[in-house]
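Fold and contact review
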Amino acid sequence: MSMFTRRQIIAVAMATSFATTPVLAQNTPVSIALDWTPNTNHIGLFVAQAQGYYAEAGLDVTILPYSDAAAGTLVANRVADFGIMGTVSLYTQRTAGADLIATYAVTQTETGRVVFNADRADIQRPADLDGLTYGGFGSAWEIALIKTIIQHDGGEGAFETVTLGTSAYEALANGAVDFTLEVYTWEGVKAELEGKAQRAFRYADFGVPDEHTTLIGSSQAYLDANEKTAAAFIAATRRGYAFAVDHPDTAADIIMAANSDMLTDRALVVASLQALVEGHYLRTSEGVLGTFEPAKMEAMGAFMFASGMLKDGNGTALAVAPDFSTYYTNAYAAGK
């Protein structure tokens, strides 16, 4: 008989803990803020709500719509109890003084990539991006990421930047910019469905650490004051994501029904969820769902620190790297 690996042991523990989801005595209110308009990264929330997992746990969950304020800002200022955010935003906000801590890893591996039109014969490797124009979103993370990818391939890391926001995808399609960044499991899938031929470079193949791109975070103050509620919420949410992985078609119908005014393209929702499931983004091939891999969290923190992106509340880059193990916890996702 073969020995269990560490990941298999964790997976078994997580699976069995579904049966012991904490149940509260009454309908306890919990709010979670979205990081963007509803999409398949959020599917576990809507499934848990529709399937009654929250109600079974004694929770009355409100999914707050995307707003101009970042989800991390809403959480840190006690406007929301939980929020969908990214590892990069978590690290920058917490380092600057925000009371934030990651509690559930929605994605187990990076979903982003550098993308360009497939007919660009002049782009065969990252070094070929030197001197070209990048259509971006205006963050220091993008510059550090692209520069690292190019330099890792032997280039100088010199490129022009135009801040376009989501208009970058249209600009790429019509040739106004040479390359951009996209989330493969949404924008990339959409491009495939629309017949837009693209090629891409995966970050982790060129010197950028792999990461848990999307996560659910809370504040330490909330967790300390609401330990049982937090445990019940994360456990029920994990059930929602597990259901979505095991029953993607039903899950797609659920999220579309809950957001019928915004999600109208069923083919996109189904294909996106299929990419998340088959690519083992939501649950690894070893069965890991929701927990953070310490090595990934440490590597991304070290990368951001070395790139000068981690700054204190006064905007001064840190001289000493913080203890990144305090930026997240697996206690709730592993069944506290």
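1. Concerning the environment of Arg199
Within the secondary structure, Arg199 is located in strand β9 (residues 198–202). Put simply, Arg199 and Thr229 are 30 residues apart on the chain and 44 Å apart in space, counted from C-alpha to C-alpha. The contact partners of Arg199, leaving out residues within four places of it in the chain, are Val114, Val115, Phe116, Asn117, Ala118, Arg120, Ala121, Ile123 and Gln124. A distance of 3.2 Å separates a polar atom in the side chain of Arg199 from the backbone oxygen of Ala118. Polar side-chain contacts of Arg199 include one of 2.9 Å to the backbone oxygen of Ile123.

2. Here we look at the confidence of the model for the protein chain
Summing up the model confidence of the protein chain, the mean pLDDT is 92 and the portion of residues at 70 or higher is 92%. Of the regions scoring below 50 in pLDDT, residues 1–20 engages in 23 contacts with residues more than four places distant in sequence or in other chains.

3. Focus: helix α11 (residues 248–258)
The periodicity of an α-helix, 3.6 residues per turn, causes residues three or four positions apart to be oriented the same way. Three or more residues of α11 are buried, namely Ala251, Ala252, Ile254, Ile255 and Met256. Tucked into the core, α11 has its buried residues touching α2 (43–50), α10 (227–246) and α12 (266–278).

4. A few points about the packing of α2 against α11
For the pair α2 and α11, interaxial distance at closest approach is 9 Å and the crossing angle is 85 degrees. In terms of axis orientation, α2 runs roughly perpendicular to α11. Of the residues in α11, those in contact with Ile43, Phe46, Val47 and Ala50 of α2 are Ala251, Ala252, Ile254, Ile255 and Ala258. The residue inventory of the contact of α2 with α11, partitioned by class, reads nine nonpolar, no polar and no charged.

5. Things to note about the packing of α2 against α10
Running from N to C, α2 and α10 point in directions that differ by 100 degrees, and their axes come no closer than 7 Å. Classified by the angle their axes make, α2 and α10 are roughly perpendicular. In this structure, α2 contributes Ile43, Gly44, Leu45, Val47 and Ala48 to the contact, and α10 contributes Phe233, Ala236, Thr237, Gly240, Tyr241, Phe243 and Ala244. Of the residues contributing to the contact of α2 with α10, the split by class is nine nonpolar, three polar and no charged.

6. Topic: the pairing of strand β7 (residues 160–163)
Consecutive side chains of a regular strand alternate in pointing toward one face of the sheet and then the other. When strand β6 (residues 133–136) meets β7, the two strands line up parallel, connected through four bridges. Pairing of Thr133 across the sheet is with Glu160, part of β7. This β-α-β element, β6 to helix α6 (residues 140–152) to β7, shows right-handed connectivity.

7. Let's talk about the pairing of strand β10 (residues 214–218)
Buried residues dominate β10, accounting for five of its five residues. Residue alternation in β10 divides its side chains into two sets, Thr214, Ile216 and Ser218 and Leu215 and Gly217, and both sets are buried. When strand β3 (residues 82–86) meets β10, the two strands line up antiparallel, connected through five bridges. The residue of β10 that forms the bridge with Ile84 is Ile216. Of the pairings in the sheet, the one linking strand β4 (residues 101–105) to β10 comprises four bridges and is antiparallel in character.

8. Structural notes on the pattern of salt bridges
All chains considered together, the criterion is met by 13 salt bridges. The partner of Asp153 in a salt bridge is Arg125, and the shortest N-O contact between them spans 2.8 Å. Here Asp153 is found in the loop between α6 and β7, whereas its partner Arg125 is found in the loop between β5 (112–117) and β6, with 28 residues between them in sequence. Of the residues examined, Asp153 reaches a relative accessible area of 16% and is grouped as buried. Residue Asp210 is joined to Lys296 by a salt bridge in which the shortest nitrogen-to-oxygen separation is 3.2 Å. Here the residue Asp210 occupies a position in the loop between β9 and β10, and Lys296 occupies one in helix α13 (residues 294–306), the gap between them amounting to 86 residues. Just as Asp210 is buried, Lys296 falls in that class too. Residues joined by salt bridges that share partners form a network here, namely Arg120, Asp122 and Asp178.

9. Quick word on the nonpolar core
If you look at the biggest cluster of nonpolar residues, it comprises 48 residues, and the most contacted ones within it are Ile32, Leu45, Phe82, Ile216 and Phe233. The dominant element in this core, judged by the number of residues it contributes, is α10, at eleven residues. Beyond its immediate sequence surroundings of up to four residues, Phe233 is in contact with Val30, Ile32, Leu45, Tyr54, Leu59, Val61, Phe82 and Ile216. Within the second largest apolar cluster, 44 residues are counted, among which are Ala71, Leu74, Val75 and Leu90.

Calculation criteria
Residues numbered from 1 in each chain as written. Predicted model: local features only at pLDDT ≥ 70, side-chain atom pairs only at ≥ 80, totals over all residues. Heavy atoms only, no water. Helix = DSSP H or I, 4+ residues; strand = E, 2+ residues; numbered from the N terminus. Contact = heavy atoms within 4.5 Å. Polar contact = N/O pair within 3.5 Å; in protein donor to acceptor, adjacent residues only side chain to side chain. pLDDT = per-residue confidence, 0-100. Buried < 20%, exposed > 50% of the residue type's maximum accessible area, 1.4 Å probe, protein only. Axes fitted to C-alpha atoms, helices over the stretch in contact; angles between N-to-C directions. Parallel < 35°, antiparallel > 145°, perpendicular 65-115°, else oblique. Nonpolar A, V, L, I, M, F, W, Y, C, P; charged D, E, K, R; others polar. Pairing = 2+ DSSP bridges. Right-handed = clockwise from strand over helix to strand, strands pointing away. Salt bridge = Lys/Arg side-chain N within 4 Å of Asp/Glu carboxyl O. Core = buried A, V, L, I, M, F, W, Y, C linked by side-chain atoms within 4.5 Å.

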